[in-house]
Amino acid sequence: MQKTTFPLTGMSCAACAARIDRALASLSGVQEVHVNYAAATAFVVYDDTQISPEDLQTAVQQAGYGLLLSATTESVEKIREGNYRNLLWRTIVAFLLAIPMLVLSLAFMQTSWAGYVLFFLATLTLWFPARPFYRSAWLQARRGTCNMDTLVAVSTGIAYLFSTFNLFVPSYAQSHGLEAHLYFDATSGIIAFLLLGRLLEDRAKRRTSSTIRQLMGLQPQTVTVLRNGVEVVVPIEAVATDDLVNVRPGDRLAVDGVIESGESYVDESMLTGEPVPVLRKSGNKVFAGTINQKGAFLLRSTQTGGATVLARIIRLVQEAQGSKAPVEQLVDKVARIFVPIILLLSVLTLGIWLYFGGMPHLPHALVAMTSVLIIACPCALGLATPTAIMVGIGRGAELGILIKDAVSLEMARKTTAVVLDKTGTLTEGHPTLTQRIVIPRAHEQEGEVLRLLVSLERHSEHPLSEALVTALSDGTFLQVDNFLSHTGLGIEGTIDGQTYFAGNRRLLEAHHIAIAPQLIERAEAWTAGAQTVIWLADEREAIGVFAMADRLKESAIEAVAELRQSGIEVHMLTGDNATTAAVVAERAGIDHWQAEVMPETKCDFVKQLQAKGHIVAMVGDGINDSAALATADLSIAMGQGSDIAMETAQLTIMTSDLRKIPQAISLSALTVKTIRHNLFWAFIYNVVAIPIAAGALYPSLHFLLHPLVGGICMAFSSVSVVTNSLLLRRRKLVHLPKKTPIVSSINTSNMSTQKTYIISGMSCNHCRSHVESALNSIEGLQATVSLDPAQAIINFSGEVLSVAQLQQIISEKAGNYTISE
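Residues numbered from 1 in each chain as written. Predicted model: local features only at pLDDT ≥ 70, side-chain atom pairs only at ≥ 80, totals over all residues. Heavy atoms only, no water.

So, about the overall build of the chain. On a plain count of helices and strands, the chain comes out with 30 helices and 29 strands. Against the globule reference of 28 Å for 821 residues, the chain gives a C-alpha radius of gyration of 36 Å, more extended than a compact globule. If one aligns the C-alpha atoms of the chain with their principal axes, the spans along those axes are about 125 × 75 × 50 Å. Here the chain, with 821 residues, has 52% of them falling under the buried criterion. (Helix = DSSP H or I, 4+ residues; strand = E, 2+ residues; numbered from the N terminus. Rg over C-alpha atoms; globule rule 2.2 N^0.38 Å. Buried < 20%, exposed > 50% of the residue type's maximum accessible area, 1.4 Å probe, protein only.)

See below:
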């Protein structure tokens, strides 16, 4: 199946988009079609073994429109720029003709020659500025269809022909006791204001798709590569994988790749939305479209052309902006029948006026009929949803939030529960050195002790060893002999004739190495805080202790707090142990969590929340999250994670900043609010304006809407809808809408409840271990006990036990310890 976005030409209203949609959808081999009137594109999913792009083009042409094949962004922009200039020129000419006509009709209408001058100027107006309206209406009529141009052509044509007849045969009207009214000025004025409306609408629509043009503008046309040691400037299309690219200060990167040598700060705001440049050095990945700052480096390309991250982002945004929200199905149905209904209403208006008023009211009847044709506006309805979606998705891309489609954008605001994976989502995803205590021996500096440690650790392949070397190395290492790795314990090696050990406490105890009490106390406190402890010792005593942890992301606490304040439940799932999970959840401010969870269990947990009535958003970054992401109502992948997670997800956060999640939900709420406003005003405009144009106020107020006023109203109704959508670009994404908590009578035995208790009577780590083991022996309960403070954090996955029940278990299995709230 091929997914392609094709540029379209010739559309003038939502009815045109609906007609193209039907023409493409009726073809065998086409699985999915989304025609976007605002963007003038068709996103088509088709089987290329059954149908070709040329077949799609033929179907669109037979419907009376154009579909461009193999068109580059530049060529499409040139075509649309040419169309815009043509529209601008026709608008200027229309006003140059309409303004003198207005002056003539107001000041010189009593002269004998004024009518003929008006006729001449009106004829010029219909011949040049209005000509595309009539051409389009004729082409649609030949195919037995109609669109917005049909309404314009019929209304202005009737006014022109009626005025021409009255000008050259005034005796007919006079014989029936009527005045021979001329509406040449109204005809030209209507055309002028309709063209002005379309001009403003076109400019506004171009702004709604500015994000795509900005992203495409990030792609350089040429790049400097090294070929046989010589720098050569080649077109971007000529760059291949594994080419060496020379990146100078100020250059915009043309390909994705890995830095071979050199370093520099790189502005990655186009990817992440973050304005601060980041340091990139040898071994780091860099991406096309980002801007090198003051340094220079040599880059080995890994992805080029359409395979780069930038190209994927452009493709995703294009597909998302071309997708349709569920509410558009109703709008499409209305658009298909709107023009025929208006034509019938105009004829009905003429008939009612003549039936009740007779021939003396013929001028009024024609004015009312023309006004109905002119004032009706399917364009406002057609633009209401796609313009808001285009701006909303574009705004998300600017913030580093990639939204897969309009359905995902609409779903985000409904979220009532967010499920977060721990490792890599809430935490950094890799161990870092958090604390250290070093006890230098006689005539020894702290730096020398650290050098001993990194010299040992650089020979180990353990992730903790790599993190220690990265954090503590100054680039110089000592010679290590007799290196040994003790599985599950640590490592040892000889430096300058003395043996050193690095690992856990059991390694030191196995070699009867002394440990100072103050080091033991600190190490136990770190362990209780879910940190991994690494010891360094010589043959006699411990000379250092180091704490390693997967740090909580800086944005996690703020993001969780904002989600909870808006009434959204936050849950954490992890395959890690209960002790670590409890600490991370407490620090992040999360009440509901589960530890030692398998990938399939994550799916079950999401289903449980959905069964309770929650709209669930799952946030993950790894392959093990992909199944749960697919199960959730809204799937959110962190952009630093795996490609599988990103492909599965409906929203992708291009950075590791969790605050983007409440931002995405806020953007969704604002976009849907804008769509509703647009649709409300578009429907209300037509519901109110059409009866007034038909003369509903004439019996009581003797008010009849002039067709020229109807033309102005119609022109600016579309502009107002697009302008309202563009306001999304300026609105702040701060506070989420408050949600009503879901209360369910469904069994909640699988939901986690966390409570904290005070434990009295503990004096050492053995006491703590006894109490923790006793509590964890209870089914459906996970407990983490610490010495400082002396407390137990208990996660109940089922019924919450009373203090008396907990005390009984502790007394029976641990001894004389007291638990209280």
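Next comes the rest of the description.
Below, the discussion takes up the pairing of strand E6 (residues 230–235). In regular strands, side chains alternate between the two faces of the sheet. Pairing geometry for strand E5 (residues 222–227) and E6, over 6 bridges, is antiparallel. Bridged to Thr 222 within E6 is Pro 235. A loop of 2 residues connects E5 with E6, the two strands running antiparallel in sequence, and Asn 228 in this loop sits at a positive phi of about 60°. (Pairing = 2+ DSSP bridges.)

Checked against the element boundaries, Ile 341 lands in helix H12 (residues 328–357). Considered as a pair, Ile 341 and Pro 220 are 121 residues apart in the sequence and their alpha carbons are 50 Å apart.

With that out of the way, let us pick up the sheet that holds strand E25 (residues 651–653). The strand order E13-E25-E24-E23-E14-E21-E22 describes an open sheet built from 7 strands, whose pairing is mixed. Of all the strands in the sheet, the pair left with one neighbour each is strand E13 (401–403) and strand E22 (592–594). For this sheet, the mean inter-axis angle between neighbouring strands, taken without regard to orientation, is 20°. Where strand E23 (residues 616–620) lies against strand E24 (residues 634–638), 4 bridges are found, and the strand directions are parallel. Each bridged residue has a counterpart across the sheet, and for Ala 617 the counterpart in E24 is Leu 634. Where helix H22 (residues 578–588) meets the sheet, its contacts fall on strand E21 (569–573) and E22, and the angle it forms with E22 comes to roughly 160°. Its contacts with the sheet put helix H26 (residues 660–694) on E13, strand E14 (417–421), E23, E24 and E25, and the angle it makes with E13 is roughly 45°. (Axes fitted to C-alpha atoms, helices over the stretch in contact; angles between N-to-C directions. Contact = heavy atoms within 4.5 Å.)

Moving on, we come to the packing of helix H13 (residues 362–375) against helix H28 (residues 707–726). The N-to-C vectors of H13 and H28 enclose an angle of 10°; their axes lie 8 Å apart at closest approach. Judged by the inter-axis angle, H13 sits roughly parallel to H28. Along its contact with H13, which presents Val 367, Thr 370, Ser 371, Ile 374 and Ile 375, the element H28 presents Pro 707, Gly 710, Gly 711, Cys 713 and Met 714. Tallied by class, the residues present in the contact of H13 with H28 amount to 6 nonpolar, 4 polar and no charged. (Parallel < 35°, antiparallel > 145°, perpendicular 65-115°, else oblique. Nonpolar A, V, L, I, M, F, W, Y, C, P; charged D, E, K, R; others polar.)

Moving on to the packing of helix H6 (residues 148–168) against H13. Two measures define how a pair of helices packs: the angle their axes make with one another and the distance between the axes. Here H6 crosses H13 at 155°, and the two axes come no closer than 8 Å. Here H6 lies roughly antiparallel to H13, going by the angle between them. As for how H6 packs across H13, the hand of that crossing is left-handed. Contacts between H6 and H13 involve Leu 151, Val 154, Ser 155, Thr 156, Ile 158 and Phe 162 on the former and, on the latter, Leu 362, Leu 366, Met 369, Thr 370, Leu 373 and Ile 374. The residue makeup of the contact of H6 with H13, split by class, is 9 nonpolar, 3 polar and no charged. (Left-handed = near helix turned anticlockwise from the far one by under 90°.)

Another point: the sheet that holds strand E4 (residues 66–67). Within a beta sheet, neighbouring strands are joined by backbone hydrogen bonds and run either parallel or antiparallel to one another. Taking strand neighbours across the sheet as the criterion, the 4 strands line up as E2-E3-E1-E4 in an open arrangement whose pairing is antiparallel. Of all the strands in the sheet, the pair left with one neighbour each is strand E2 (30–36) and E4. Pairing between E2 and strand E3 (residues 41–46): 6 bridges, direction antiparallel. Note on E3: the bridge partner recorded for Val 33 is Val 44. Across the sheet, helix H1 (residues 14–25) is in contact with strand E1 (2–9), E2 and E3; its angle to E2 comes to roughly 170°.

A few words now on the side chain of Ser 725. Structurally, Ser 725 is set in helix H28. On the accessibility criterion, Ser 725 (0% relative accessible area) is buried. With near-sequence residues (within four places) excluded, Ser 725 lies in contact with Ala 384, Thr 387, Ala 388, Val 391, Thr 674 and Asn 678.

Attention now moves to the nonpolar core. In this structure, Met 11, Val 44, Leu 420, Leu 426 and Ile 590 are the most contacted members of the largest nonpolar core, which totals 149 residues. For Leu 420, the contacting residues outside a window of four places in its chain are Thr 425, Leu 426, Val 560, Val 570, His 571, Met 572, Leu 573, Ile 590, Val 619, Leu 658 and Ile 661. Of all hydrophobic cores here, the second largest spans 23 residues; its members include Leu 452, Ala 467, Ile 534 and Leu 536. (Core = buried A, V, L, I, M, F, W, Y, C linked by side-chain atoms within 4.5 Å.)

Sheet topology note: the strand E8 (residues 256–267)/strand E12 (residues 296–303) ladder contains 7 bridges and is antiparallel. Residue pairing in the sheet places Gly 262 in a bridge with Phe 297 of E12. Here E8 runs beside strand E10 (residues 285–286); their pairing, made up of 2 bridges, is antiparallel. Residue pairing across strands places Gly 257 opposite Val 286, the latter belonging to E10. Of the pairings in the sheet, the one linking E8 to strand E9 (residues 278–280) comprises 3 bridges and is antiparallel in character.

So, on to H1. For H1, spanning 12 residues, the distance from its first C-alpha to its last is 16 Å, which sits close to the expected 16 Å at 1.5 Å a residue. With 10 of its 12 residues buried, H1 lies for the most part within the structure. Within H1, the full set of buried residues consists of Ala 14, Ala 15, Cys 16, Ala 17, Ala 18, Arg 19, Ile 20, Asp 21, Ala 23 and Leu 24. (Expected span 1.5 Å × (residues − 1).)

Here we come to the environment of Leu 348. Assignment of secondary structure puts Leu 348 in helix H12. Through-space distance from the C-alpha of Leu 348 to that of Met 369 is 8.4 Å; in sequence the pair is 21 residues apart.

In this section: the packing of aromatic side chains. Under the counting rule described, the total for this entry stands at 11 aromatic pairs. Centroid distance Phe 119 to Phe 168: 5.4 Å. Interplanar angle 85°. Geometry classified as edge-to-face. Residue Phe 119 is located in helix H4 (residues 114–127), and its partner Phe 168 is located in helix H6; the two are separated by 49 residues in the primary sequence. On the accessibility criterion, Phe 119 (22% relative accessible area) is partly exposed. Where Phe 680 meets Trp 681, the ring centres are 5.1 Å apart and the plane angle is 75°; that geometry is what we call edge-to-face. Through a chain of ring-to-ring contacts, the aromatic side chains of Tyr 116, Phe 119, Tyr 160, Phe 168 and Phe 184 assemble into a single cluster. Here Arg 131 stacks its cationic end above the ring of Trp 127, 4.6 Å away from the centre of that ring. Residue placement shows Arg 458 over the ring face of Phe 477; its charged tip is 4.1 Å from the ring centre. (Phe/Tyr/Trp six-rings, centres within 6.5 Å; stacked < 30°, edge-to-face > 60°. Lys NZ or Arg CZ within 6 Å of the ring centre and 35° of its normal.)

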